[in-house]
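Here's the letter readout for the chains.
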Amino acid sequence: MDRMRKIKRQLSLTLRGSNSGDKSLSETIGSQDTAHSDSEIVHEDVKMGSDGESDQASATSSDEVHSPVRVRMRNNPGRKISTEDINKRLSLPADIRLPDGYLEKFSLNSPLFDKPLTRRLRRVSLSEIGFGKLETYVKLDKLGEGTYATVYKGRSKLTDNLVALKEIRLEHEEGAPCTAIREVSLLKDLKHANIVTLHDIIHTQKSLTLVFEYLDKDLKQYLDDCGNCIHMHNVKLFLFQLLRGLSYCHRRKVLHRDLKPQNLLINDRGELKLADFGLARAKSIPTKTYSNEVVTLWYRPPDILLGSTDYSTQIDMWGVGCIFYEMSTGRPLFPGSTVEEELHFIFKLLGTPTEETWPGITSNEEFISYNYPRYRADCLHNHTPRLDNEGVDLLSKLLQFEGKKRISADEAMRHPYFHCLGERVITLPDTTSIFALQDIQLEKEPGMRASSLSDSVNSISHRQSLLF
Ligand SMILES: Nc1ncnc2c1ncn2[C@@H]1O[C@H](COP(=O)(O)OP(=O)(O)O)[C@@H](O)[C@H]1O
Ligand SMILES: [Mg+2]
């Protein structure tokens, strides 16, 4: 019981915010002041370990949100309150459906418009509408069993939209809530067209449920559905969107640290979004999941495999290279099952490192102990027949042994490989999709399996079998 109380306190503390300009999150996910300094990249959020306060304490004057709607309503006390007024006042999505009787209640007695909008008042109002409650969402099929949660497809009764319900059981071992708290505290500050949107969170005695926008499939499933042969134009569009989402994160010193096709979601329109920020601020990269499954090594860079703890944004860029290769060839690049085998695959393709190709490597104890044969670097061209010269050049810049030599997400977006997309893709506003540009369109995948509804049972087991 005590543990539960502690988790809830931690969560409310992490979620408590100072700014309610948020369009999609419930007040429970109020934005947290971003006190992370530039140097604070992978360390635990210091505020997470401290104790929580009561709701009352959070309703201070600094919580007041000044809304033009309030002013208008005060000047027109007799005016009928519309759904739109409430949506604006609470910053709700336009397609929200307010519960029966809600409007009438506010027309008679409208504390929302008569008083300054404190966090507490906003929270109570959102809760009355249905946010933060399990019964607001209908649970549908199971989508997958991931590293620390079970994800279900669902439907919001408020908007009728599909959602993904990421359910974290609290009875399980201690680590689970921490990953969830990290994921929530990071995601609520990340608003970008290429990052999955967190709509709501629900905490009950038994579980924590994160409610996300729903996307049709993850990249692994997309690859499978199109017979492991993605149209090369679409490979370019997916890679660009991955870089765009990452560049946004990296500018904010947020690392993803668990990039893999299963954590990249794709919708019908071809929009790709980064998901699963559970490890984004963990102190170290775990080797086992909560259900004791092995965390994949396939996308992990060689410096980290060899014990480096110098995590910085380049940690993600190696995985981008691996994913780029996998999209282009339909095969994982380095499918090792142990650290030794993973490094072996890497050195076989890129050459066993020497003092010239990786200064300092010959004094790395772990590297010495493996005693790898001296492979010579192979030509990447021979392994990626569908990739043009520019693509191969970009790939080689991503697959650099040393983190500091790897191309950054921002530079990669400006690489000649993407010049054919035009210049405007670089300067789009953060929350605008690249498909808002008329000349950017997804090509039809000739081999794509039609994903009919009757196929849904298949696709569940399909996703699950692919998670590791
Ligand atoms: N928003 C979503 N829309 C559709 N499917 C999703 C969504 N979020 C997750 N999934 C599916 O569930 C799987 C597990 O979700 P994820 O967030 O990666 O959890 P975990 O941290 O447990 O790995 C993903 O690989 C994906 O197939
Ligand atoms: Mg995952």
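In the nomenclature of an unreviewed UniProt entry, the chain is known as cyclin-dependent kinase of Chanos chanos. Heading Sequence similarities (unreviewed entry) of the UniProt record for the chain holds this comment: "Belongs to the protein kinase superfamily. CMGC Ser/Thr protein kinase family. CDC2/CDKX subfamily."

**Student:** Just to check I follow, could you spell out the packing of aromatic side chains for this structure?
**Tutor:** How two aromatic rings sit relative to each other is given by the distance of their centres and the angle of their planes. Tallying each qualifying case throughout the model produces 12 aromatic pairs. Between the aromatic rings of Phe 347 and Phe 401, the centroid separation amounts to 5.8 Å while the plane-to-plane angle is 80°, which identifies the pairing as edge-to-face. With Phe 347 in helix α13 (residues 339-350) and Phe 401 in the loop between α15 (389-398) and α16 (409-413), this pair connects stretches of sequence that are 54 residues apart. Both residues of the pair, Phe 347 and Phe 401, belong to the buried class. Owing to a relative accessible area of 9%, Phe 401 belongs among the buried residues under this scheme. Ring-pair connections join several aromatic residues into one group, and the members of that group are Phe 347, Trp 358, Phe 367, Tyr 370, Tyr 372 and Phe 401. Here the basic side chain of Lys 236 rests over the ring of Tyr 417, its NZ or CZ set 4.2 Å away from the ring centre.

**Student:** What am I meant to see in the confidence of the model for the chain here?
**Tutor:** If pLDDT is low for a region, its predicted coordinates should not be looked at in detail. Per-residue pLDDT for the chain has a mean of 78; in total, 71% of the residues score no lower than 70. Confidence over residues 12-75 falls short of pLDDT 50; this stretch has 145 contacts with residues more than four positions distant or in other chains. When the criterion is pLDDT under 50, residues 452-468 qualifies, and its contacts beyond four places in sequence or with other chains add up to 35 contacts.

**Student:** Quick question: what am I supposed to make of the environment of Pro 335 here?
**Tutor:** When you line up the elements, Pro 335 lands in the loop between α12 (314-329) and α13. Judged by its relative accessible area of 33%, Pro 335 is partly exposed. For the pair Pro 335 and Ile 346, spaced 11 residues apart in sequence, the C-alpha to C-alpha distance is 9.5 Å. Aside from chain neighbours lying at most four places away, what touches Pro 335 is Trp 298, Glu 341, Glu 342 and Phe 345.

Rules of the game
- Residues numbered from 1 in each chain as written.
- Chains lettered and ligands numbered in written order.
- Predicted model: local features only at pLDDT ≥ 70, side-chain atom pairs only at ≥ 80, totals over all residues.
- Heavy atoms only, no water.
- UniProt positions renumbered as here; feature names shortened; annotations may be inferred.
- Phe/Tyr/Trp six-rings, centres within 6.5 Å; stacked < 30°, edge-to-face > 60°.
- Helix = DSSP H or I, 4+ residues; strand = E, 2+ residues; numbered from the N terminus.
- Buried < 20%, exposed > 50% of the residue type's maximum accessible area, 1.4 Å probe, protein only.
- Lys NZ or Arg CZ within 6 Å of the ring centre and 35° of its normal.
- pLDDT = per-residue confidence, 0-100.
- Contact = heavy atoms within 4.5 Å.

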